[in-house]
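What the coordinates show
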Amino acid sequence: MIERIWSGRSPLWLLLWPLSLLYGAITALIRLSYRRGWRKSWRAPLPVVVVGNLTAGGNGKTPVVIWLVAALQQRGLRVGVVSRGYGGRADRYPLLVTAQTRTEQAGDEPVLIAQRTAAPVAVAPKRRQAIEALLAQGPLDAIITDDGLQHYALQRDREIVVVDGVRRFGNGWWLPAGPMRERADRLHQVDAVIVNGGEAQPGEIAMQLQPGLATNLLTGETCPPAQLGKVVAMAGIGHPPRFFTTLKQQGITPVAEIAFADHHAYSKEELTRLLQGSQQLLMTEKDAVKCRDFAQPAWWYLPVDARLTGTAVAPLLDDIEQLCRRQP
């Protein structure tokens with residue numbers, strides 16, 4: 001239903017329109033308060049790059065963060081990642097993510113980023129605290145903040161926005177009548193726009209999610225996903241249909257497609273009930289980090305990597321590297 005409202009296909013968005021005006025007014029006032037200095041923002045002692053969204057829902061931001069961290073590491077830069085840790089609840093903040101950190105503490109995305117990149121990752125509702133915790137552990141050349149485009153309490157040196165190339169901006173209205181956290185003209189003020197799927201417009205960087213081999217949660221065994229046989233597909237991400245579409249593009253027709261809420265907390269019993277007989281459960285890697293402690297032999301995940309193309313990719317990385325190299 002929410003997709004129909006946000007796309008404009010349902011007239012119910014008109015009922016929510018007054019709340020959207022209120023949301024837009026509040027967010028504009030917050031941003032103005034930082035620009036005018038009425039509220040204080042903090043500048044970190046090293047470059048900060050924000051990877052964020054203009055819309056609610058999954059746009060592919062986390063794969064972009066993983067890609068960016070890996071690309072900068074390949075250039076010899078020491079990169080740390082900070083996150084608000086949505087979906088997690090720690091006993092205290094800031095929380096440094098380690099191999100023992102559970103998704104219930106840090107949230108699924110910080111744990112996934114740490115596992116995929118081996119970069120130091122810290123979580124805190126106030127990102128300044130997360131940055132200070134990382135710097136207390138050792139020197140870094142740059143900080144990547146996973147989300148936080150609207151977190152104006154933290155000054156940033158570069159802003160990267162990830163856009164869903166198929167859904168784009170829906171009906172263009174602020175939450176809750178539409179998907180927008182900020183209006184689309186905010187794109188004119190950011191340093192790069194990465195478009196996940198669909199068609200990139202002039203000045204945007206095209207991105208595709210490239211699936212890897214299906215990986216067994218229990219054994220680590222890998223195989224082409226088409227060899228799994230009868231598959232039940234599940235996804236608890238911002239936009240589950242993207243995962244199901246990816247499977248179909250790989251020649252997989254699941255016997256069932258089950259969508260959970262983003263950041264859903266799974267249980268062994270809940271997932272076991274999804275399978276019958278010889279069926280295999282295939283999930284996203286983001287789901288898998290929450291299920292490893294109670295994984296079963298028939299549970300698999302499909303990792304994906306962001307593939308960015310176009311002439312603007314190298315200049316973006318060059319710009320961030322030069323920014324880091326200029327630091328004393």
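Residues numbered from 1 in each chain as written. Predicted model: local features only at pLDDT ≥ 70, side-chain atom pairs only at ≥ 80, totals over all residues. Heavy atoms only, no water.

Regarding the packing of aromatic side chains
By the definition in use, this model includes six aromatic pairs. Ring geometry for phenylalanine 243 versus phenylalanine 244: centroids 6.1 Å apart, planes at 55°, classification tilted. Summarising the burial analysis for this pair, phenylalanine 243 and phenylalanine 244 share the class buried. Seen in terms of ring centroids, phenylalanine 260 and tyrosine 266 are 5.1 Å apart; in terms of plane orientation they differ by 90°. Their pairing is edge-to-face. For the pair phenylalanine 260 and tyrosine 266, a shared accessibility class is recorded, and that class is buried. Three or more aromatic residues joined by ring pairs make a cluster, and in this case those are Trp13, Trp17, Trp173 and Trp174. Sitting over the face of the ring of tryptophan 173, arginine 183 holds its NZ or CZ atom 5.1 Å from the ring centroid. The ring centre of tryptophan 174 lies 4.9 Å from the NZ or CZ of arginine 183, which sits over that ring. (Phe/Tyr/Trp six-rings, centres within 6.5 Å; stacked < 30°, edge-to-face > 60°. Buried < 20%, exposed > 50% of the residue type's maximum accessible area, 1.4 Å probe, protein only. Lys NZ or Arg CZ within 6 Å of the ring centre and 35° of its normal.)

Description of the packing of helix H3 (residues 61-74) against helix H10 (residues 313-325)
The N-to-C vectors of H3 and H10 enclose an angle of 65°; their axes lie 11 Å apart at closest approach. With respect to their mutual orientation, H3 and H10 come out roughly perpendicular. In the crossing of H3 with H10, the sense of the turn from one axis to the other is right-handed. Together, Trp67, Leu68, Ala71 and Leu72 of H3 and Val313, Leu317 and Ile320 of H10 make up the contact between the two elements. Classifying every residue of the contact of H3 with H10 by side-chain character gives seven nonpolar, no polar and no charged. (Axes fitted to C-alpha atoms, helices over the stretch in contact; angles between N-to-C directions. Helix = DSSP H or I, 4+ residues; strand = E, 2+ residues; numbered from the N terminus. Parallel < 35°, antiparallel > 145°, perpendicular 65-115°, else oblique. Left-handed = near helix turned anticlockwise from the far one by under 90°. Contact = heavy atoms within 4.5 Å. Nonpolar A, V, L, I, M, F, W, Y, C, P; charged D, E, K, R; others polar.)

Observations regarding the pattern of salt bridges
This model, assessed by the stated rule, comprises 23 salt bridges. One salt bridge connects aspartate 157 with arginine 43, and the closest N-O pair in it is separated by 3.0 Å. Of this pair, aspartate 157 sits in the loop between strand S5 (142-146) and strand S6 (158-164) while arginine 43 is found in the loop between helix H2 (13-35) and strand S1 (48-52), placing the two residues 114 residues apart along the sequence. Salt-bridge contacts for lysine 290 lead to aspartate 108; the nearest nitrogen and oxygen are separated by 3.2 Å. With lysine 290 in the loop between helix H9 (285-288) and strand S14 (299-302) and aspartate 108 in helix H5 (residues 108-117), this residue pair connects regions lying 182 residues apart in the sequence. (Salt bridge = Lys/Arg side-chain N within 4 Å of Asp/Glu carboxyl O.)

Thoughts on the domain arrangement of the protein chain
Domain parsing of the protein chain yields domain 1 (39-172 + 185-208 + 307-326) and domain 2 (213-302). Its C-alpha centre places domain 1 at a distance of 26 Å from the equivalent point of domain 2. Contacts between the two partners involve 17 residues from domain 1, matched on the other side by ten residues from domain 2. Here domain 1 packs against domain 2, burying approximately 1,100 Å² in sum over the two surfaces, 48% of which is carbon and sulfur. A per-residue breakdown of the area domain 1 buries against domain 2 is headed by Thr103, Asp108 and Leu112, which together make up 36% of the total. At the junction of domain 1 and domain 2, the tally comes to five salt bridges. Across the salt bridge formed by lysine 286 and glutamate 109, the nearest N and O atoms sit 3.0 Å from each other. For the interface between domain 1 and domain 2, the tally reads eight residue pairs in polar contact (both at pLDDT 80 or more). When residues in the side of domain 1 that touches domain 2 are grouped by element, the largest group, six residues, is from H5. (Domains from an automatic or database assignment. Buried area = accessible area lost by both parts, 1.4 Å probe. Polar contact = N/O pair within 3.5 Å; in protein donor to acceptor, adjacent residues only side chain to side chain.)

Observations regarding a nonpolar patch on the surface
A cluster of nonpolar side chains, Leu19, Leu22, Ile26 and Ile30, forms an exposed patch at the surface whose accessible area comes to about 350 Å². With respect to the helices and strands, isoleucine 30 occurs in helix H2. By relative accessible area, which is 33% here, isoleucine 30 ends up partly exposed. (Patch = residues over 30% accessible without salt bridge, like charges linked within 9 Å, V, L, I, M, F, W, Y side chains within 5 Å. Areas by Shrake-Rupley, 256 points an atom, 1.4 Å probe, with all protein chains shown as cover.)

Re the UniProt feature "binding site: ATP" (unreviewed entry) in the protein chain
The positions that UniProt labels "binding site: ATP" (unreviewed entry) are, in the present scheme, Thr55, Ala56, Gly57, Gly58, Asn59, Gly60, Lys61 and Thr62. Here alanine 56 is to be found in the loop between S1 and H3. Assessed through its relative accessible area of 16%, alanine 56 is described here as buried. Once you skip the residues sitting within four places of it in the chain, alanine 56 turns out to touch Trp6, Leu175, Pro179 and Arg181. Looking at the secondary structure, you find glycine 58 in the loop between S1 and H3. What glycine 58 contacts, discounting residues up to four positions off in sequence, is Asp164, Arg167, Gly238, His239 and Arg242. (UniProt positions renumbered as here; feature names shortened; annotations may be inferred.)

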